[in-house]
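Next come the chains, spelled out residue by residue.
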Amino acid sequence: MGRHDSCCVPNCVSHCDDGLMRAFPSFPDDVDLQKKWVAAMKRDVGDKFAITVTTYVCSDHFLDSSYSGVIPPRTAEERQARAGTRHLYRLKSDAVPLFSRVEIEKALSVRPPPKEHAAVPPPKKRPAKPLTEEQEEIVTLKATGLSSRS
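Keep in mind the model is a prediction, meaning the values are calculated, not measured.

1. Side note on the environment of C16
Here comes step 1: Position of C16 among the secondary structure elements: in the segment before α1 (31-41).
Here comes step 2: On the accessibility criterion, C16 (23% relative accessible area) is partly exposed.
Here comes step 3: Between the alpha carbons of C16 and S6 there is a distance of 6.0 Å; along the sequence they are ten residues apart.

Set out below in structure tokens:
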């Protein structure tokens with residue numbers, strides 16, 4: 001990797017000299033896998049973009065599960081712990097990068113389990129109002145089958 005290598009993904013500003021210890025894997029030799037990478041990047045090979053030996057994609061676009069062995073550092077603490085060391089970050093043969101922030105965040109997010117809710121008690125019944133004398137008489141007459149209007 002030369003001194004001026006940078007990520008070829010649109011709107012990605014990662015550069016090998018930015019001190020963040022990113023890996024910059026080049027495009028795979030497998031033509032079918034190259035097509036998957038280009039399709040995921042939503043670019044077309046042509047006048048404005050060509051795949052060469054110096055076309056790189058930074059490690060920010062790969063999940064940790066895309067690597068076999070040592071994984072590139074993701075946090076400042078990991079970078080500081082590995083400062084001054086060299087590692088060979090090797091992608092798995094079928095690794096395909098994620099190119100949009102939404103894809104990356106979605107792949108990294110883990111939905112938390114649903115919260116446990118306390119059992120909801122049944123609604124309290126309001127106490128019945130006492131019946132008036134007239135209402136009691138009507139209830140009694142209906143129960144005996146007699147009507148007050150006979």
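2. Digging into the side chain of S66
Here comes step 1: For S66, the position within the fold is in the loop between α1 and β1 (67-68).
Here comes step 2: Here S66 falls in the buried class, since its relative accessible area comes to 9%.
Here comes step 3: Look past the residues within four positions of S66 in its chain and what remains in contact with it is R90, L91, K92 and A95.

3. Focus on the confidence of the model for the chain
Here comes step 1: This prediction gives the chain a mean pLDDT of 76; 73% of its residues lie at or above 70.
Here comes step 2: Taken element by element, the chain is modelled with least confidence in helix α3 (residues 101-108), mean pLDDT 62, and with most confidence in α1, mean pLDDT 87.

4. Some details on the environment of L131
Here comes step 1: By the secondary structure assignment, L131 is in the loop between α3 and α4 (133-144).
Here comes step 2: When residues no more than four places from it in sequence are discounted, the contact partners of L131 are E136 and V139.

Conventions used here
- Residues numbered from 1 in each chain as written.
- Predicted model: local features only at pLDDT ≥ 70, side-chain atom pairs only at ≥ 80, totals over all residues.
- Heavy atoms only, no water.
- Helix = DSSP H or I, 4+ residues; strand = E, 2+ residues; numbered from the N terminus.
- Buried < 20%, exposed > 50% of the residue type's maximum accessible area, 1.4 Å probe, protein only.
- Contact = heavy atoms within 4.5 Å.
- pLDDT = per-residue confidence, 0-100.

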